[in-house]
Amino acid sequence: MRRNLAFLFLASLLLASSASTAAGWQQARPEDAAETQARIDAISRELERRQSAMEQRSKQMSLTERELQQLEMQISTVANELAQTTARLAQTNQRIGALEQQQSTLESEQRQQAKWLAKQLNMAYRIGEHDFLKLVLNQENPADFERLHGYYGYFNRARLEKLDELKATQAQLAQVMADLAAARNDIAAQQQEQKRQQGVLREQQKEQQQLIGRLQQQQQQDESRVAQLQQDQEELEQVLAAIIAALRDEPQLDGLAKLKGDLNWPAQGKVQNLFGRTRSGGVKWKGTLIDAAAGSPVRAIADGRVIFANWMRGYGLLLVLDHGDGYMSLYGHNQTILPNVGEVVRRGEEIGLVGQSGGRESPALYLEIRVKGEAVNPAQWCR
């Protein structure tokens, strides 16, 4: 079934609206959630008005491009599931570490308690009941008798208390060992699931490479390569124009003006400062490429709200953050996108994983920063 870009975007908005509109700052008010929903609906209506032109461009996608789009959406799902499994594994490992530490502490306590009891039992045996009777009968002073009676009573109570403590420690230790066994079973199952997901992801990535190779051959033979680059850029501009036309300034977000030159790059890797350089056919770069390892984290450059998260030709899985006051940041070629449309993310929060979606030969992250719709050089903002 054919799906054009506008339909996919609108579908993502509708799916996110029920689950994501309440997301945001921990102190978010009900009116904030309602305002977010209203803005998402406004973007949807604005995009519908521009749908005709976007449908026309979508029809021009080749069969290979459509296959690549479908495959990369599947890769995104598997990569997202793999990230969740990896996070659960880390939590289970932490739990096992804590249980092992607790086990070690309890075993040490058990040894100390057993040692103390052995000492007390040995002392009681050496004294013996007949010795206690002899000591009582030999006492002429009632005060001495009371003192000895209290002394022997103290030892008996102490032994009973230590026995109770030992039993409690043994019960705790048994529970901890049972919890530890269960946690180890959990981690074995999680590791098996992780291995399965990694296998699926590897196979999908192999298929992705084959499709990218086929697409590049077609593009090399296609004289309309320049026109395609222009269409890709125009399609992105249409989406951004729809967002800008529908989105009022977010009151909780203050833009990036005060952060210029103080932002961190969203991914770790070699930065290619391509902004303003000419691509083939006179199309200019409006952003920066960061060569990074596949699957490495993509982080938000500043606090923002997710206003677009979908696949786009030429950019692959693309995420757009609104930072308020007319500022936006764009992140392309992701392997997967983690937050949903409408969610608020913090500066430095993981929002995706580096990939090569959209037909790239190697993994990289594409970054754009926009001020009231105009692209600015990310190198002047990030360090």
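Our structure is the block above this text.
Residues numbered from 1 in each chain as written. Predicted model: local features only at pLDDT ≥ 70, side-chain atom pairs only at ≥ 80, totals over all residues. Heavy atoms only, no water.

A few words on the environment of L338. You can see L338 is positioned in the loop between β6 (327-337) and β7 (344-345). Among the residues examined, L338 registers a relative accessible area of 28% and is labelled partly exposed. As for L338 and Q84, which are separated by 254 residues in sequence, their C-alpha atoms are 10.0 Å apart. If near-sequence neighbours (up to four positions away) are discounted, L338 is found in contact with N80, E350, I351 and G352. (Helix = DSSP H or I, 4+ residues; strand = E, 2+ residues; numbered from the N terminus. Buried < 20%, exposed > 50% of the residue type's maximum accessible area, 1.4 Å probe, protein only. Contact = heavy atoms within 4.5 Å.)

Moving on, we get to the side chain of E368. With respect to the secondary-structure elements, E368 resides in strand β9 (residues 365-371). Residue classification places E368 among the buried positions, given a relative accessible area of 0%. At 2.5 Å, the side chain of E368 and the side chain of Y366 are in polar contact. When near neighbours in sequence (up to four residues on either side) are disregarded, E368 contacts L236, K286, G287, M328, S329 and L330. (Polar contact = N/O pair within 3.5 Å; in protein donor to acceptor, adjacent residues only side chain to side chain.)

This part covers the nonpolar core. With 29 residues, the main nonpolar core has L256, L321, Y331 and I351 as its most contacted residues. The set of elements that each furnish at least two residues to this core consists of β4 (304-312), β5 (316-324), β6, β8 (350-354) and β9. Those residues in contact with L321, other than ones at most four positions away along the chain, are A300, A302, R305, V306, I307, Y327, M328, S329, Y331, V345 and I351. Judged by nonpolar contacts, the second largest core, of 17 residues, contains L240, L289, L318 and A364. (Core = buried A, V, L, I, M, F, W, Y, C linked by side-chain atoms within 4.5 Å.)

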